[in-house]
Structure formats: C-alpha cells, structure tokens
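Per-entry structural report
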Amino acid sequence: MTDNASASNFDTYIADLHENLDRLRDMSDVDEQSSAIVADLAQAYSEHPSPMQTAMCLSSLFCGQKNILTFLRRSCSKTELKKTKVEILQFLKFFVETAATKILPHAVELKTVLLTIFNVDTASDVRAAIFPVLSQLMELSVSCPDMHNEVDKMATTFLDQIGLSSSKATATIKGLCLAFLGLLCKFFPEHMRKYADPLLLSQYLKYLHEQLVKDVKFEMLIAAGAIEGLINYLVNFTPSSTPVTAPPPMIRGKTKEEDKRLNEERIRCESDLKRVYIYGARAIQTQDQTNLNRYALVKAGLELFAQHSTLFTEYLYDDYPEILRCIRAWNAHDNYDVKKIAQRSYDNFLLGVANALKETNVKTPEERRRAVQVFQYFIKEFRDKIDTPELEIRDLAMGIRGYGIFANACKLYGTEEDIKFMFVGLIQRCEQIAMPTVALSQAADIFDERFYGLPNL
C-alpha cells in the first residue's frame, strides 16, 4: 500500500465514523459497525508504523473539522457507542506511544477531550480507558509549557473523584484516579506541591487504612491504585517521620474487637511515613490475590519496596524477618511479572537494612549489639539459601547478591574467619552447581544449561 493510499484510508475511516454517528438512530448495530472501522484503522496503521505513516495518521486523526477528537467529543454522551469509544482510546494509547513527541502539538487538545469524556461519559469502561493515554501524555509533556498550565485542572478533577463523599465513582475509577494523581506529583511537582500534603497524602492514607486495616469490603484496585500513586508521589515528596500523636498504651483489650480497634488507633497515631511503610508491608503479605486483577496489590507493594526501601530504613530494621520472608516467597512465585518486581524489591530491601548497619548509624553499645544481631541473622539466611539441598540458580544468585550488598557490614561486624568461611562455602557451592559429578557423555549438556543460567547471578 502506497503512502498516499494509506493517508486516504485514514481519512476514509474517520469520515465513516462520523457518518455512523450522524446515522446513530437509524442503525441497530452502530457500535459493532463503528468498532469494526476502528479495528481496520488500527490495523492499517500498525502494519507499517513508519515515520511517514505516523505523520499521515497524525494529520488524519487530529487535523480538519472532522477528526478523531471531534468524534470523541460528539459521542461522549452516546451510550450506544461504548465499545467504539473504548477501542478508539486503546488505539490512541498505541498511537501516542509510537508517535512520541510528534503528538505534542496536539497534546493539550487531546488532554481536554479525555477530561471531557471522563466528566460526561457514564460508562466506567470508557472512563477507565482514558488513563493509559493520559498517563503517556503526561510523561511526554514534562517539558511542554502549555501542559503545565493544565495540571491544576487535572488535579482538581481527579481529587474530586476520590475526595467527595458524594462521588459515585467505582472502585476501578477511584484506583485509577489515585494512581494518576501520583503520576502528576512525579512529573509536575512544582504544580502539585499545594495539593501533595496534606490533601493528597491524607487521601492515600485514608484509603489504604480502610482497605488494609479496617474491616470493610476489600477493594483491591483501590488499594493497588493508592500504593501505585504513592510510589510516584514519593519521588518528589517525603511524608513526615514525626508521629501525629502519642499512641494508646500497649495493653490488650478485653475482646478481639477492642484489640482490633486499639491496633487501628495505634496505626493512625504513627507518622505518615511509617503508615506508608505499614500499608506497603501489608500489601505484600496479602496472599489472596488471584482474581481477574491478578496480583495488582502485591505488585504495587513490591514496587514500593523496590523503589523506596531506603526511605524505610528505620522500620525495616524492626521488621526484617517478616519482610524478608514475604519478598523471598514472591521471588519464587510462578507469575513472571511478580517475580521480576520481587527480585528488585529483594535487592533494595537489603540495601535499606545495610544502610541501617552503617557505622554512622550505630553509635551506642546497645545499637552495636543490635546491629551485630541483625547482621548475623542475614548472613545466616544467605548461607542457608546457598546451602539449600535442591539448589537452583535463583537461590545461589540471591545468596551472592546478599553477600555483596552486606560487604561493608561484613567489614564492620564479621571476623576474618567468618569471611573466609563464607567465601569458601560460596566457592564450593558454585563449583557444585557449575560442575556436578556426571558421566562424561552428559557433561556438555549440563555445562550448557549451567552456563546460560550464569547471567542471573
């Protein structure tokens, strides 16, 4: 297909969409026919997304009186075109990704149309579909002055959805709003500063407390969205580490309900930073995450530790056995995405603990005694991992990375004999896994298998 033919096709597809919209009342299957046109448009573009093709599609989509944006504006209140609108937004996500900065001359107009859809359309599926496109636009528009002028409008729109008691937004929409507001904090901190603390942070903490502490109907997507938002929020804003008020005394209640109430109150009295840590820890301890939104919460929790463990150094120092157990469990999980995030979370968790063990953080004899205890615990865990009878490359890699991250702590708290013992044990296990005792005829196959596993170390 020639470039001129492609451009003509793009124009034809969009003209056909407008024609269907004009004949809305006369067509019983208008949504099916219109979504088929969108599918043809997407296929025509995705077959040859060359720079020339992108330029021509850009012109067809955003220029002229009848383009894709005018179609979305006109159709945003038409419930008959729900499927079509979702598919257009999905295509726009792909198109914005491939067009990259070429989309910037149309970014503000596209953003305006997306907000119009969000405010006018009543279908949750359609409203949810704006967020991937909007998120890509924000990342591309960081250096675009015109988009900076739009941040306040976006912030207030989505804060209303999560903050107003009268909001009837679904759990999906609330979760997406919470996540997107964090993205604004990451890319436009100078404009979000007035919303960040206490307004936005208090909403994150409120929703996470409701979902992960209080006994309410559990909405995974709200909890996951709040943590995703916090991950980006923490890039530019650090919550206070000062407790809000003195916590209630550590006494047992007379009933389980009273115990639960006292625990809730203690968490509320903690500093904002510690509350973020507590909710993140609870997210990765939540095992029942196998519904349609598979592992959304645990992935968000692991990502929080993967990116921000060093913020939680003081708290990791207290809870290290349980956090280590959870992160290791997710490292061994069958889900590939969970496993990859868990690997990064593991490394950064260890960095957080290693930071706590630095000489500058250990000043009194009591602090040194505790530091030695923590150091010995982790070194034993690394050695046990390496000495696992059914050793896999992953186990060896985790042990080696642990030794590496704790190298400075070894100098401070380990004896020369301890380090020699660790090193000799490590070399022996590496030798066993790389060169097992096998018949000569099997050696080549075994070597190839082990050799290609080495990059994981």
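The structure displayed is predicted, hence computed values, not measured ones.

The helix and strand tally for the chain stands at 22 helices and 0 strands. Within the chain, the fraction of its 457 residues that count as buried is 48%. When contacts within the chain are restricted to residue pairs at least 6 apart in sequence, long-range pairs at least 24 apart make up 72% of them. By element, 52% of the accessible surface of the chain is carried by carbon and sulfur atoms, the whole surface being about 22,700 Å².

Right, let's talk about helix α6 (residues 107–120) for a bit. Since the α-helix packs 3.6 residues into each turn, any two residues three or four apart lie on the same face. Taking 1.5 Å per residue, 14 residues should reach 20 Å; α6 reaches 20 Å between its end C-alpha atoms and fits that length. Residues Ala107, Leu110, Lys111, Val113, Leu114, Leu115, Ile117 and Phe118 constitute the buried set of α6.

Our focus in this paragraph is the pattern of salt bridges. Under the definition given, this model contains 22 salt bridges. Note that Lys83 is salt-bridged to Glu32, the shortest N-O span being 3.4 Å. Note that Lys83 is positioned in helix α5 (residues 82–99) and Glu32 in helix α2 (residues 30–47), a separation of 51 residues in sequence. The residue Asp152 makes a salt bridge to Lys194 at a minimum N-O spacing of 3.2 Å. On the criterion of sequence distance, the pair formed by Asp152 in helix α9 (residues 151–163) and Lys194 in helix α11 (residues 189–212) is long-range, its members being 42 residues apart. Classification of Lys194 as exposed rests on a relative accessible area of 56%. Each of Asp22, Lys66 and Arg74 takes part in salt bridges that share partners, so that together they form one network.

Mean pLDDT over the chain stands at 86; residues scoring 70 or higher make up 88%. Taken as a whole, residues 449–457 scores under 50 in pLDDT and shows 10 contacts with residues more than four places along the chain or in a different chain.

When we look at a pair of aromatic rings, we describe it by the centre distance and by the angle of the planes. Applying the stated criterion across every chain, the model contains 26 aromatic pairs. Ring plane angle 50° and centroid distance 5.7 Å describe the contact between Tyr277 and Phe312, whose orientation is recorded as tilted. Pair noted here: Tyr277 is in helix α14 (residues 272–285) and Phe312 is in the loop between α15 (296–308) and α16 (313–331), with a separation of 35 residues, a long-range link. Residue classification places Phe312 among the buried positions, given a relative accessible area of 0%. Three or more aromatic residues link up through ring pairs in this structure, and these residues are Tyr320, Phe349, Tyr377, Phe378, Phe382, Tyr403 and Phe406. The ring of Phe118 has Arg127 sitting right over it, with the charged end atom 4.1 Å from the ring centre. Looking at Lys206, its charged tip hangs above the ring of Tyr207, at a distance of 4.4 Å from the centre.

Bringing the side chain of Gln161 into the picture now. By the secondary structure assignment, Gln161 is in helix α9. In this structure Gln161 comes out as buried when scored by relative accessible area, which is 15%. Here the side chain of Gln161 touches Arg127 through a polar contact of 3.4 Å, side chain to side chain.

What follows deals with the packing of helix α7 (residues 124–140) against helix α10 (residues 171–187). Contact pair α7 / α10: the axes reach a minimum separation of 10 Å and the direction vectors enclose 10°. Taken together, the axes of α7 and α10 lie roughly parallel to each other. Along its contact with α7, which presents Ser124, Arg127, Ala128, Phe131, Leu134, Ser135, Met138 and Glu139, the element α10 presents Thr172, Ile173, Leu176, Cys177, Phe180, Leu183, Leu184 and Phe187. The residue makeup of the contact of α7 with α10, split by class, is 11 nonpolar, 3 polar and 2 charged.

Let us look at unusual backbone geometry. A cis amide bond links Asp197 to the next residue, Pro198, at an omega of 15°. Here Pro198 lies in helix α11. The phi angle at Ala100 is positive, at roughly 50°, despite the residue not being glycine. Examined against the element boundaries, Ala100 turns out to sit in the loop between α5 and α6. Residue classification places Ala100 among the partly exposed residues on the basis of a relative accessible area of 27%.

The next point concerns the side chain of Glu264. As for its placement among the helices and strands, Glu264 is situated in helix α13 (residues 256–269). Summary of buried charges: Glu264 has no salt-bridge partner, and the nearest side chain of opposite charge, Lys214, is 5.0 Å away. Beyond its immediate stretch of four places on either side in the chain, Glu264 contacts His209, Val213, Lys214 and Asp215.

Reading guide: rules and limits
Residues numbered from 1 in each chain as written. Predicted model: local features only at pLDDT ≥ 70, side-chain atom pairs only at ≥ 80, totals over all residues. Heavy atoms only, no water. Helix = DSSP H or I, 4+ residues; strand = E, 2+ residues; numbered from the N terminus. Buried < 20%, exposed > 50% of the residue type's maximum accessible area, 1.4 Å probe, protein only. Contact = heavy atoms within 4.5 Å. Areas by Shrake-Rupley, 256 points an atom, 1.4 Å probe, with all protein chains shown as cover. Expected span 1.5 Å × (residues − 1). Salt bridge = Lys/Arg side-chain N within 4 Å of Asp/Glu carboxyl O. pLDDT = per-residue confidence, 0-100. Phe/Tyr/Trp six-rings, centres within 6.5 Å; stacked < 30°, edge-to-face > 60°. Lys NZ or Arg CZ within 6 Å of the ring centre and 35° of its normal. Polar contact = N/O pair within 3.5 Å; in protein donor to acceptor, adjacent residues only side chain to side chain. Axes fitted to C-alpha atoms, helices over the stretch in contact; angles between N-to-C directions. Parallel < 35°, antiparallel > 145°, perpendicular 65-115°, else oblique. Nonpolar A, V, L, I, M, F, W, Y, C, P; charged D, E, K, R; others polar. Lys, Arg positive; Asp, Glu negative; His and termini not counted.

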